[in-house]
Amino acid sequence: MKDSSFEGNFWASEKYLFLHPHSDNYWDSINYSVAIENDIQLIQYTVVNDCPKGLYTYNYFRLGQLEIDIVNEAQGIDTETISPAIQEDLVLEIQALFQ
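All values derive from a computational prediction rather than experimental measurement.

Trainee: How would you summarise the packing of aromatic side chains if you had to cite specific residues and measurements?
Mentor: Here the structure, examined in full by the defined rule, presents eight aromatic pairs. Look at Tyr56 and Tyr60: their rings are 5.8 Å apart centre to centre, the planes differ by 15 degrees, and that puts the pair in the stacked class. Separated by four residues within a single helix, Tyr56 and Tyr60 lie in helix H1 (residues 52–60), roughly one turn from each other.

Spelled out as structure tokens, the structure:
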């Protein structure tokens, strides 16, 4: 959120850094490509024309990591969870230390 003062205009696209589901056309900022064969699927998100809101959304929601996880799953690579009690941010930092 860019400005905490919505003044009754909470749906205004320019008030948000990320793509707003009700105010923005998602496909103008991020392409979503899917390839499916039997029980294997691959997903790729691509920011359109370096759109700032698309890039912020891609990074904020960690869509790049989601792509990696899906490719790993398609290849049969098991990802280990450290503990459900640890926040996801910390889990990612711990996993990065071991790579």
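Resuming the write-up.
Trainee: Can you lay out H1 for me, pointing to particular residues and giving the numbers?
Mentor: Among the residues of H1, Lys53, Gly54, Thr57 and Tyr58 are the ones counted as buried. Buried residues in H1, looked at end-on, bunch into an arc of 135 degrees, giving them a common side. Exposed residues on H1 whose side chains face more than 90 degrees from its buried face are Pro52 and Tyr60. Summarising the contacts, the buried residues of H1 are in contact with strand S1 (30–37), strand S2 (40–47) and helix H2 (63–74). Immediately beyond the C-terminal end of H1, within one or two residues, lies Arg62, with a positive phi of roughly 50 degrees.

Trainee: Any details on H2? Residues and values, ideally.
Mentor: The end-to-end C-alpha distance of H2, which contains twelve residues, comes to 16 Å, matching closely the 16 Å that a straight helix rising 1.5 Å per residue would cover. For H2, the set of buried residues is Leu63, Gly64, Glu67, Ile70 and Asn72. In this structure, the buried side of H2 is in contact with S1, S2 and H1.

Trainee: Provide a residue-level description of the pairing of S1, including the pertinent values.
Mentor: On any regular strand, side chains alternate: one points to one face of the sheet, the next to the other face. Relative to S2, S1 is paired through eight bridges, and the arrangement is antiparallel. Residue pairing for S2: Glu37 is matched across the bridge by Ile40. Counting the residues in the hairpin turn of S1 and S2 gives two residues, including Asn38, whose phi is positive at 55 degrees.

What counts and how
Sequence order as written defines the numbering, with residues in each chain counted from 1. It should be noted that, the model being predicted, local features are given only for residues of pLDDT at least 70 and side-chain atom pairs only at 80 or more, the latter also being counted only at that level, while totals for whole chains, interfaces and linings use all residues. The side-chain quantities take in all heavy atoms of the structure and omit both hydrogens and water. A pair of Phe, Tyr and Trp rings is counted when the ring centres sit within 6.5 Å of each other, with Trp represented by its six-membered ring. The angle between the planes then sorts it: under 30 degrees is stacked, over 60 is edge-to-face, the rest tilted. The helix and strand labels rest on DSSP assignments: H or I over at least four residues marks a helix, E over at least two residues marks a strand, and numbering proceeds from the N terminus. The classification of residues rests on relative accessible area computed with a 1.4 Å probe and restricted to protein chains. Under 20% of the type maximum is buried, over 50% is exposed, and intermediate values are partly exposed. Of all possible arcs, the one meant is that of the directions from the helix axis to the C-beta atoms. What makes two residues a contact is simply this: any of their non-hydrogen atoms within 4.5 Å. Expected helix span is taken as 1.5 Å per residue step, with the number of steps being one fewer than the number of residues. Only strands joined by at least two bridges in the DSSP assignment are considered to pair.

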